Amino acid sequence: MPCNCRAETAFRKKAAQIRDVKEKPRNTEGLNYRQSALLSHAVRESDTVYTAKSHQKSHGVAYNTARADLMDLVKRGFLVQLAGRGSGFALEKDKLFGG
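Residues numbered from 1 in each chain as written. Predicted model: local features only at pLDDT ≥ 70, side-chain atom pairs only at ≥ 80, totals over all residues. Heavy atoms only, no water.

**Things to note about the packing of aromatic side chains**
Stage number 1. The full count for this structure, using the stated rule, is 0 aromatic pairs.
Stage number 2. When the ring centre of Y33 is taken as reference, the NZ or CZ atom of R34 above it lies at 5.3 Å. (Phe/Tyr/Trp six-rings, centres within 6.5 Å; stacked < 30°, edge-to-face > 60°. Lys NZ or Arg CZ within 6 Å of the ring centre and 35° of its normal.)

**Focus on helix α4 (residues 63-75)**
Stage number 1. The end-to-end C-alpha distance of α4 is 18 Å, a good match for the 18 Å that 13 residues give at a rise of 1.5 Å each.
Stage number 2. Among all positions of α4, only A66, D69, L70 and L73 are buried. End-on view of α4: buried residues confined to an arc of 90 degrees, all on one side of the axis. Those residues of α4 that are exposed and aimed more than 90 degrees away from the buried face are N64 and K75.
Stage number 3. Here the buried face of α4 lies against α2 (33-44), β1 (49-50), α3 (52-59), β2 (79-81) and β3 (89-91).
Stage number 4. Just downstream of α4, G77 is the residue with a positive phi angle, here 90 degrees. (Helix = DSSP H or I, 4+ residues; strand = E, 2+ residues; numbered from the N terminus. Expected span 1.5 Å × (residues − 1). Buried < 20%, exposed > 50% of the residue type's maximum accessible area, 1.4 Å probe, protein only. Arc of directions from axis to C-beta. Contact = heavy atoms within 4.5 Å.)

**Topic: the side chain of H55**
Stage number 1. Following the sequence through the fold, H55 ends up in helix α3.
Stage number 2. Within the local environment of H55, its side chain forms a polar contact with the side chain of D69, the two groups lying 2.9 Å apart.
Stage number 3. Among all residues touching H55, those that are not within four sequence positions of it are R34, L38, A66, D69 and L70. (Polar contact = N/O pair within 3.5 Å; in protein donor to acceptor, adjacent residues only side chain to side chain.)

**Looking at the packing of α2 against α4**
Stage number 1. For the pair α2 and α4, interaxial distance at closest approach is 10 Å and the crossing angle is 60 degrees. In terms of orientation, α2 and α4 fall into the oblique class. For the element pair α2 and α4, the recorded crossing hand is right-handed. Across from R34, Q35, L38 and L39 in α2, the residues of α4 making contact are T65, D69, L70, D72 and L73.
Stage number 2. Class assignment of the residues belonging to the contact of α2 with α4 gives a composition of 4 nonpolar, 2 polar and 3 charged. (Axes fitted to C-alpha atoms, helices over the stretch in contact; angles between N-to-C directions. Parallel < 35°, antiparallel > 145°, perpendicular 65-115°, else oblique. Left-handed = near helix turned anticlockwise from the far one by under 90°. Nonpolar A, V, L, I, M, F, W, Y, C, P; charged D, E, K, R; others polar.)

**Quick look at the pattern of salt bridges**
Stage number 1. Scanning the entire structure with this criterion turns up 2 salt bridges.
Stage number 2. R34 is the salt-bridge partner of D69, the closest N and O atoms lying 2.6 Å from each other. In this pair, D69 sits in helix α4 while R34 sits in helix α2, placing the two residues 35 residues apart along the sequence. Like R34, D69 is buried.
Stage number 3. With a closest N to O distance of 2.8 Å, D72 and R76 form a salt bridge.
Stage number 4. Looking at D72, the relative accessible area reads 22%, which means it is partly exposed.
Stage number 5. Under the relative-accessibility criterion, R76 is labelled partly exposed at 27%. (Salt bridge = Lys/Arg side-chain N within 4 Å of Asp/Glu carboxyl O.)

In structure tokens:
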């Protein structure tokens, strides 16, 4: 079977990133369990766009609490707010992966 070296390299890199974040996350002191869960999910599914509504539904909290969680993650540099009203938030990969 021919080796798909590019895919294997990408897989190994992603696995190492996930392992690094699980074992020694950078600057995550003071995050609540919802924020930690979101970051953990974002590492596994790095192309996911999060909204206050999706975070609210996922954790059963008030909309303002969900939005505050996301805005705090933006302030800390873990997420970036995407352009456009209500467009959501995405993982800031360099903050977690030290790139």
